[in-house]
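In case you want the letters, here they are:
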Amino acid sequence: MSFMTSRLKSFWSDKRQQVVLFSSTAIALYGYDQGMMSLINTNQDYLSTMGISEKDPLVGVIVSVYYLGCAVGAVFFSWFADKYGRKPGIFVCLATASLGNLI
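In the annotation of an unreviewed UniProt entry, the entry for the chain reads Major facilitator superfamily (MFS) profile domain-containing protein, and the organism field reads Cryomyces minteri. The UniProt entry for the chain carries the following comment under Sequence similarities (unreviewed entry): "Belongs to the major facilitator superfamily. Sugar transporter (TC 2.A.1.1) family." Taken directly from UniProt, the Subcellular location (unreviewed entry) text for the chain runs: "Membrane".

Next comes the structure, spelled out in C-alpha coordinates:
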(Lines give C-alpha, C1' and ligand atoms only; values in the text may rest on other atoms or scores of the structure.)
Protein backbone atom coordinates (compact mmCIF):
# COMPACT_ATOMS: atom_id res chain seq x y z
CA MET A 1 0.00 0.00 0.00
CA SER A 2 2.88 2.36 0.70
CA PHE A 3 4.06 1.87 -2.90
CA MET A 4 0.76 3.22 -4.22
CA THR A 5 0.79 6.07 -1.75
CA SER A 6 4.30 7.09 -2.75
CA ARG A 7 3.37 6.86 -6.46
CA LEU A 8 0.34 9.08 -5.94
CA LYS A 9 2.38 11.62 -3.99
CA SER A 10 5.02 11.66 -6.72
CA PHE A 11 2.30 12.09 -9.36
CA TRP A 12 0.84 15.15 -7.62
CA SER A 13 4.25 16.75 -7.26
CA ASP A 14 5.67 15.89 -10.70
CA LYS A 15 4.30 18.20 -13.41
CA ARG A 16 5.82 16.09 -16.18
CA GLN A 17 3.77 13.04 -15.16
CA GLN A 18 0.63 15.19 -15.06
CA VAL A 19 1.29 16.61 -18.53
CA VAL A 20 1.89 13.13 -19.95
CA LEU A 21 -1.31 11.76 -18.38
CA PHE A 22 -3.57 14.59 -19.52
CA SER A 23 -1.97 14.86 -22.97
CA SER A 24 -2.34 11.14 -23.59
CA THR A 25 -5.98 11.35 -22.53
CA ALA A 26 -6.57 14.24 -24.95
CA ILE A 27 -4.85 12.35 -27.77
CA ALA A 28 -6.92 9.22 -27.04
CA LEU A 29 -10.15 11.25 -27.26
CA TYR A 30 -9.08 13.28 -30.31
CA GLY A 31 -11.72 12.96 -32.97
CA TYR A 32 -14.38 11.60 -30.62
CA ASP A 33 -16.76 14.51 -31.26
CA GLN A 34 -16.31 14.30 -35.03
CA GLY A 35 -16.95 10.56 -34.94
CA MET A 36 -20.08 11.05 -32.88
CA MET A 37 -21.30 13.75 -35.27
CA SER A 38 -20.87 11.34 -38.16
CA LEU A 39 -22.76 8.58 -36.34
CA ILE A 40 -25.61 10.87 -35.30
CA ASN A 41 -26.14 12.24 -38.80
CA THR A 42 -26.46 8.72 -40.23
CA ASN A 43 -28.69 7.40 -37.43
CA GLN A 44 -32.16 6.65 -38.82
CA ASP A 45 -33.94 7.31 -35.51
CA TYR A 46 -32.34 10.76 -35.22
CA LEU A 47 -33.13 11.64 -38.83
CA SER A 48 -36.76 10.55 -38.53
CA THR A 49 -37.17 12.42 -35.22
CA MET A 50 -35.78 15.58 -36.80
CA GLY A 51 -37.88 15.08 -39.95
CA ILE A 52 -34.87 14.82 -42.24
CA SER A 53 -34.52 12.21 -44.97
CA GLU A 54 -31.24 10.34 -45.36
CA LYS A 55 -30.50 11.96 -48.73
CA ASP A 56 -31.51 15.47 -47.64
CA PRO A 57 -28.80 18.11 -48.19
CA LEU A 58 -29.62 19.44 -44.71
CA VAL A 59 -27.48 16.62 -43.27
CA GLY A 60 -24.45 18.10 -45.04
CA VAL A 61 -25.39 21.58 -43.83
CA ILE A 62 -25.49 20.34 -40.22
CA VAL A 63 -22.00 18.86 -40.54
CA SER A 64 -20.69 22.00 -42.28
CA VAL A 65 -22.06 24.26 -39.54
CA TYR A 66 -20.42 22.02 -36.93
CA TYR A 67 -17.00 22.28 -38.61
CA LEU A 68 -17.45 26.00 -39.22
CA GLY A 69 -18.10 26.42 -35.50
CA CYS A 70 -14.92 24.46 -34.74
CA ALA A 71 -12.87 26.69 -37.05
CA VAL A 72 -14.32 29.97 -35.78
CA GLY A 73 -13.98 28.79 -32.18
CA ALA A 74 -10.32 27.88 -32.71
CA VAL A 75 -9.52 31.33 -34.12
CA PHE A 76 -11.52 33.20 -31.46
CA PHE A 77 -10.23 31.24 -28.49
CA SER A 78 -6.62 31.48 -29.65
CA TRP A 79 -7.05 35.26 -29.69
CA PHE A 80 -8.77 35.07 -26.29
CA ALA A 81 -5.89 33.04 -24.84
CA ASP A 82 -3.33 35.49 -26.24
CA LYS A 83 -5.15 38.44 -24.70
CA TYR A 84 -6.21 37.02 -21.31
CA GLY A 85 -3.79 34.17 -20.75
CA ARG A 86 -3.61 30.43 -21.24
CA LYS A 87 -5.48 29.35 -18.11
CA PRO A 88 -8.53 31.61 -18.57
CA GLY A 89 -8.57 30.62 -22.24
CA ILE A 90 -8.64 26.92 -21.39
CA PHE A 91 -11.34 27.48 -18.78
CA VAL A 92 -13.57 29.40 -21.21
CA CYS A 93 -13.03 26.73 -23.90
CA LEU A 94 -13.99 23.98 -21.45
CA ALA A 95 -17.02 25.95 -20.23
CA THR A 96 -18.17 26.56 -23.82
CA ALA A 97 -17.71 22.89 -24.77
CA SER A 98 -19.54 21.76 -21.63
CA LEU A 99 -22.44 24.10 -22.37
CA GLY A 100 -22.59 22.83 -25.94
CA ASN A 101 -22.62 19.22 -24.76
CA LEU A 102 -25.33 20.02 -22.23
CA ILE A 103 -27.56 21.60 -24.85
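The structure having been displayed, the exposition proceeds.
K.L.:
Sorry if this is basic, but what is going on with helix H5 (residues 58–84) here?
P.N.:
In an α-helix, one full turn covers 3.6 residues, which means residues spaced three or four apart are oriented alike. Look at H5: 37 Å from first C-alpha to last across 27 residues, which is about the 39 Å you get at 1.5 Å a residue. Of all the positions in H5, only Val59, Phe77 and Phe80 are classed as buried.

K.L.:
Is there a simple way to explain the packing of aromatic side chains in this structure?
P.N.:
Aromatic ring pairs are reported here in terms of the distance separating the ring centres and the angle at which the planes meet. Scanning the entire structure with this criterion turns up seven aromatic pairs. Summarising the aromatic geometry, the rings of phenylalanine 76 and tryptophan 79 are spaced 5.6 Å apart at their centres and angled 40 degrees between planes, so their arrangement reads as tilted. Of this pair, phenylalanine 76 and tryptophan 79 both sit in helix H5, three residues apart, which is roughly one turn of the helix. Taking relative accessible area as the criterion, phenylalanine 76 reaches 40% and is therefore assigned partly exposed. Residue tryptophan 79 is classed as partly exposed on the basis of its relative accessible area, which comes to 44%. Pairing phenylalanine 80 with tyrosine 84 gives two aromatic rings, centres 4.7 Å apart and planes at 45 degrees, and the pair type is tilted. Separated by four residues within a single helix, phenylalanine 80 and tyrosine 84 lie in helix H5, roughly one turn from each other. Put simply, the rings of Phe76, Phe77, Trp79, Phe80 and Tyr84 touch in pairs and so form one group of aromatic residues.

Cut-off values and rules
Residues numbered from 1 in each chain as written. Predicted model: local features only at pLDDT ≥ 70, side-chain atom pairs only at ≥ 80, totals over all residues. Heavy atoms only, no water. UniProt positions renumbered as here; feature names shortened; annotations may be inferred. Helix = DSSP H or I, 4+ residues; strand = E, 2+ residues; numbered from the N terminus. Expected span 1.5 Å × (residues − 1). Buried < 20%, exposed > 50% of the residue type's maximum accessible area, 1.4 Å probe, protein only. Phe/Tyr/Trp six-rings, centres within 6.5 Å; stacked < 30°, edge-to-face > 60°.

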